[in-house]
Amino acid sequence: MKKIGILFGKERSFPMAFVERINSKAIPEISAEPVRISKAMQGEPSGYSVIVDRISQDVPFYRTWLKNAALTGTAVINNPFWWSADDKYFNNCLMTQVGIPIPKTVILPSRDLPSDTSDESFSNLEYPLDWNSIFAYVGFPAYMKPFAGGGWKNVYKLRSADEFFEKHNETGKLVMLLQEEIVFDEYYRCYCIGRKYVRIMSYEPRNPHHLRYAADFNPSQERMAQMEEIVLKINHSLGYDFNTVELAIRDGVPYAIDFCNPAPDAERSSVGDENFEWVVETMSNYAIEKAVETGNGKTHLTWGEYVKNSASNAELGIRNFGHGS
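Bear in mind the structure is a predicted one, so any value in this text is a computation, not a measurement.

> How should the pairing of strand S10 (residues 197–202) be read in this particular structure?
Walk down a regular strand and you will see the side chains alternate between the two sheet faces. Here six bridges tie strand S9 (residues 186–193) to S10, and the two strands are oriented antiparallel to one another. Counted as the bridge partner of Ile-193 is Tyr-197 from S10. The turn joining S9 and S10, which pair antiparallel and follow one another in sequence, is formed by three residues; a positive phi near 70° is taken by Gly-194.

> So what exactly am I meant to see when it comes to the packing of aromatic side chains here?
Pairs of aromatic rings are described using the distance from one ring centre to the other and the angle between the two planes. Under the criterion given, the structure shown has 18 aromatic pairs. Judged by centre distance (5.3 Å) and plane angle (85°), the ring pair of Trp-131 and Phe-165 falls under edge-to-face. Here Trp-131, found in helix H5 (residues 131–138), pairs with Phe-165, found in helix H6 (residues 161–168); they are 34 residues apart in sequence, far enough to count as distant. Owing to a relative accessible area of 18%, Trp-131 belongs among the buried residues under this scheme. Here a set of aromatic residues connected by ring pairs shows up, and it is made of Phe-14, Phe-18, Tyr-191, Phe-242 and Trp-278.

> Which parts of the structure should I look at to understand the sheet that holds strand S6 (residues 142–146)?
Note on sheets: strands pair through backbone hydrogen bonds, and any given pair is parallel or antiparallel. Spatial ordering of the open sheet is given by S5-S8-S6-S7, a layout of four strands whose pairing is antiparallel. Two strands bound the open sheet, and with one partner strand each, they are strand S5 (105–108) and strand S7 (156–158). Recorded for the sheet is a direction-independent mean angle of 25° between the axes of neighbouring strands. As paired strands, S5 and strand S8 (residues 176–180) are joined by four bridges and run antiparallel to one another. Note on S8: the bridge partner recorded for Val-106 is Leu-178. Packing against the sheet, H5 makes contact with S5, S6 and S8, and its axis sits at approximately 145° to S5. Across the sheet, H6 touches S5, S6, S7 and S8, and the angle it forms with S7 is around 155°.

> Is there a simple way to think about the pattern of salt bridges in this case?
Opposite charge on two side chains permits pairing when their charged atoms draw close. Across all of its chains, the model carries 18 salt bridges by this definition. We note a salt bridge from Glu-33 to Lys-3, for which the minimum N-O separation is 3.5 Å. Of this pair, Glu-33 sits in strand S2 (residues 30–34) while Lys-3 sits in strand S1 (residues 2–7), and the two are 30 residues apart along the sequence. Using a relative accessible area of 25% as the deciding quantity, one classes Glu-33 as partly exposed. Among the residues examined, Lys-3 registers a relative accessible area of 26% and is labelled partly exposed. Between Glu-293 and Lys-290 there is a salt bridge; the shortest N-O distance is 4.0 Å. Residue Glu-293 and its partner Lys-290 are both found in helix H9 (residues 273–293); the two are separated by three residues, about one turn of the helix. A relative accessible area of 45% means that Glu-293 is categorised as partly exposed. A relative accessible area of 9% means that Lys-290 is categorised as buried. One network of salt bridges, in which partners are shared, links Arg-21, Lys-25, Glu-277 and Glu-281.

Scoring rules and cut-offs
Just so you know, the residues in each chain are numbered from 1, in the order the chain's sequence is written. Side-chain atom pairs in this predicted model are given and counted only at pLDDT of 80 or more, local residue features only at pLDDT of at least 70, and totals for whole chains, interfaces and linings cover all residues. Only hydrogens and water are set aside; all other atoms, that is, all heavy atoms of the structure, feed into the side-chain values. Two strands pair under a simple rule: DSSP has to find at least two bridges between them. A run of DSSP states H or I qualifies as a helix once it reaches four residues; a run of E qualifies as a strand once it reaches two. Both are numbered from the N-terminal end. Aromatic rings from Phe, Tyr and Trp, taking only the six-membered ring of Trp, are treated as a pair when their centres fall within 6.5 Å; an angle between ring planes under 30 degrees marks them as stacked, one over 60 as edge-to-face, and anything in between as tilted. Throughout, exposure labels follow a simple rule: accessible area from a 1.4 Å probe, protein chains only, divided by the maximum for the residue type, with under 20% read as buried, over 50% as exposed, and the rest as partly exposed. Here an angle of 0 to 180 degrees is reported between the N-to-C directions of two axes, which are lines fitted to C-alpha atoms, with helices fitted over the stretch in contact. Throughout, a residue-residue contact means that at least one pair of heavy atoms, one from each residue, lies within 4.5 Å. Basic side-chain nitrogens of Lys or Arg form a salt bridge, by our definition, when they fall within 4 Å of a carboxyl oxygen of Asp or Glu.

In structure tokens, the structure reads:
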């Protein structure tokens, strides 16, 4: 029997529906359940062919346990090694190399010193920073947000340099991004599963959270194809098997605003019934695909084009990605 597990925290609608959907398919020798951990011994298999990770970003114990699971043959979605390594600033930098339009963005050192450091720890950092150049590059209004993490935590809209300094003083030890505002005509949030299945959803980030999927934009078929191409290119570059990409359309150009969401929102109450049904069914089918592939003594992690090309000393390159790539 090949077991598919899901590791999760407070959320309930998606994990339970995912487990029930797989089991309802009654596929011989495949079953699904919430992950159960009663002990963690080094080098021992987890007992799962596939694990869908929804919570290890908040629980370091789970993250390192998943690395051992991957080492011993489990297909972990998403790859816990890459998820531990990337951040929003690096991902933005990577997009500049693969030709994806993104907002102008800079990274800022934390306002307060990190633990166990002193002023001498920052001998290579010029102080004050060249704020005039930074502000001229990004412009105002601008957004400031943490370089890692999500959930709309510690996000500020800033209208001037004075407001920036006021709000930056509140960020403590957080390392922040300062990012150009993209004033958009349309906005979309796009699920991507398996780097081949894409669902493009109208989204209005300026609405209250529970109404953000109530938007009803009407993109042309050409726009849909263009956005799907961008979503696939991003996820092939990063290597994520389950992710969301947010695209803002300004002057006919889709800008990738936020595209590092490896535990994307999939609660029925926020994404709505139709999107919920799509993500449960598609993720269930993909997990089954991965389970069928496991058990041959190999590791089953997905790596992005950047890592694979770096390991082989090849150029990153830009190419088209379609279904089944």
